[in-house]
Amino acid sequence: MPELPEVEIARRQLSRWTAGDVVREVRVLDAAAIRHKRSTMPRDAHPDGVRALEAAVVGRAADEPMRLGKRLGWTFGEAPRGLQLHLGMTGQWVRRAPADEPPRFAKLGLVLDGRTLWFLDSRRFGCVVPSEDVPRELAEGLGPDAWLNPPNAEELGYLLRGRRPVKVTLLDQARLAGVGNIHAAEALWRSGISPERAGDDLTPAELARLAEELPAQLDEAIRTQDTDEFQYVTQGGENPFSVYGQHRCPRCEGDVAKLAQSGRTTWWCPSCQQ
DNA sequence: GACAGTGTTTAATT
DNA sequence: CAATTAAACACTGT
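First, a word on scope: everything that follows refers to the structure included in this document. If you're wondering where the values come from, they're calculated on a predicted model, not measured in any experiment.

Our focus in this paragraph is the overall build of chain A. A count of helices and strands for chain A gives seven helices and 10 strands. Over its C-alpha trace chain A gives a radius of gyration of 20 Å, about what one expects of a compact globule, namely 19 Å for 274 residues. Its C-alpha atoms put chain A at 55 × 35 × 35 Å along the principal axes. Surface exposure of chain A reaches about 12,200 Å², of which carbon and sulfur atoms provide 49%. In chain A, 36 side chains carry a positive charge and 39 a negative one; their mean positions are 4 Å apart.

Counted as a void, the largest pocket has a volume near 730 Å³. Lining of the largest pocket is provided by 26 residues; of these, Pro2, Lys70, Leu87, Gly88 and Met89 occupy positions nearest its centre. Taken together, the residues of the lining of the largest pocket break down into 12 nonpolar, eight polar and six charged. A domain split of the lining of the largest pocket shows at least three residues from each of domain 1 (4-139) and domain 2 (153-238).

Looking now at the environment of Pro102. Position of Pro102 relative to the elements: it lies in the loop between strand S5 (91-96) and strand S6 (106-112). You can call Pro102 partly exposed: its relative accessible area is 31%. Pro102 sits 55 residues away from Gly157 along the chain, and the two C-alpha atoms are 47 Å apart. If near-sequence neighbours (up to four positions away) are discounted, Pro102 is found in contact with Leu29 and Trp118.

So, about the packing of aromatic side chains. Enumeration over the complete set of coordinates arrives at four aromatic pairs. On the basis of an interplanar angle of 35° and a centroid distance of 5.5 Å, the ring pair of Trp93 and Phe119 is categorised as tilted. A residue pair is termed long-range when its members are at least 10 positions apart, and Trp93 in strand S5 and Phe119 in strand S7 (residues 115-121) qualify at 26 residues. Take Phe119: its relative accessible area is 1%, and that puts it in the buried class. Both rings, one in Tyr244 and one in Trp267, keep their centres 5.7 Å apart while their planes meet at 55°; by these two values the pair is tilted. Here Tyr244 is found in the loop between helix H7 (204-225) and strand S9 (257-261), whereas its partner Trp267 is found in strand S10 (residues 264-268), with 23 residues between them in sequence. Joined through ring pairs, the aromatic side chains of Phe241, Tyr244 and Trp267 make up one cluster. Directly above the ring of Tyr158 sits Arg161, whose terminal nitrogen or CZ lies 4.1 Å from the centroid. Across the ring face of Trp189, the terminal group of Arg251 is positioned such that the distance to the ring centre comes to 4.1 Å.

Reading guide: rules and limits
- Residues numbered from 1 in each chain as written.
- Chains lettered and ligands numbered in written order.
- Predicted model: local features only at pLDDT ≥ 70, side-chain atom pairs only at ≥ 80, totals over all residues.
- Heavy atoms only, no water.
- Helix = DSSP H or I, 4+ residues; strand = E, 2+ residues; numbered from the N terminus.
- Rg over C-alpha atoms; globule rule 2.2 N^0.38 Å.
- Areas by Shrake-Rupley, 256 points an atom, 1.4 Å probe, with all protein chains shown as cover.
- Lys, Arg positive; Asp, Glu negative; His and termini not counted.
- Charge placed at Lys NZ, Arg CZ, Asp CG, Glu CD.
- 1 Å grid on protein atoms, 1.4 Å probe; cavity = no way out; pocket = protein on both sides within 12 Å on 5 of 7 lines; lining within 4 Å.
- Points joined across faces, edges and corners; volume = space filled by probe spheres on them.
- Nonpolar A, V, L, I, M, F, W, Y, C, P; charged D, E, K, R; others polar.
- Domains from an automatic or database assignment.
- Buried < 20%, exposed > 50% of the residue type's maximum accessible area, 1.4 Å probe, protein only.
- Contact = heavy atoms within 4.5 Å.
- Phe/Tyr/Trp six-rings, centres within 6.5 Å; stacked < 30°, edge-to-face > 60°.
- Lys NZ or Arg CZ within 6 Å of the ring centre and 35° of its normal.

So, in structure tokens, the structure goes:
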């Protein structure tokens, strides 16, 4: 369920779990998880995926994984060659002992000394893409990273320009990279802005609030979710969000409403968000 | 059984 | 033509 915070946490985990060590071999359980381009579709499987993956990683030391928006990139001692990693809707990476059975939904594994890193993905929208120029392909078509390079009020006004509802534009990765359905709703709630407002109609004061609250929302999510064992935020436990998936607004106690916006559900508090 | 779902790409429409 | 919306993708959980 990755948005920017979950992808950043995955990046940190891969970094910790590899610590610059050498990949000894790969295990490929579903070759369609290796794609020749960024794609959500198994039909875009790399024609020679296993060999391309092995050529990229086997016998090589892992560099620090990089992230832009919701995309991960990984090079292995011969940058800019390496892999793009895409989690899609349900992708995740876990660490297991080498002798362990592959976890449920395991697509492929990177075997290092003393541990194997598995890519799991029940829904198969995620993938690994062998790439000749990881940094360039990672940045292709993306706006600035919403957490690493947060826009100021004025820049945000430009990024959200147009008649489209602000919530919809926030999800446009070409304008701003990393914001997804949950954190867009949460940031608008924190800012007291209705998701239906057109970007062009936001006042300087509202833009200033949103420019503050959006990175704050992402930062909080990273800090509260960055534990050693990866967990999707909706997986077990209570709903940690203020409006997403909630019935009652924690600020005014009023009813939370749902709205359909370009095919996605927007959760919001009509009384707190004007 | 029907339906919604944290995402992205491509096709269709405005 | 650029901007925007809808559909498709594949599968699980409710």
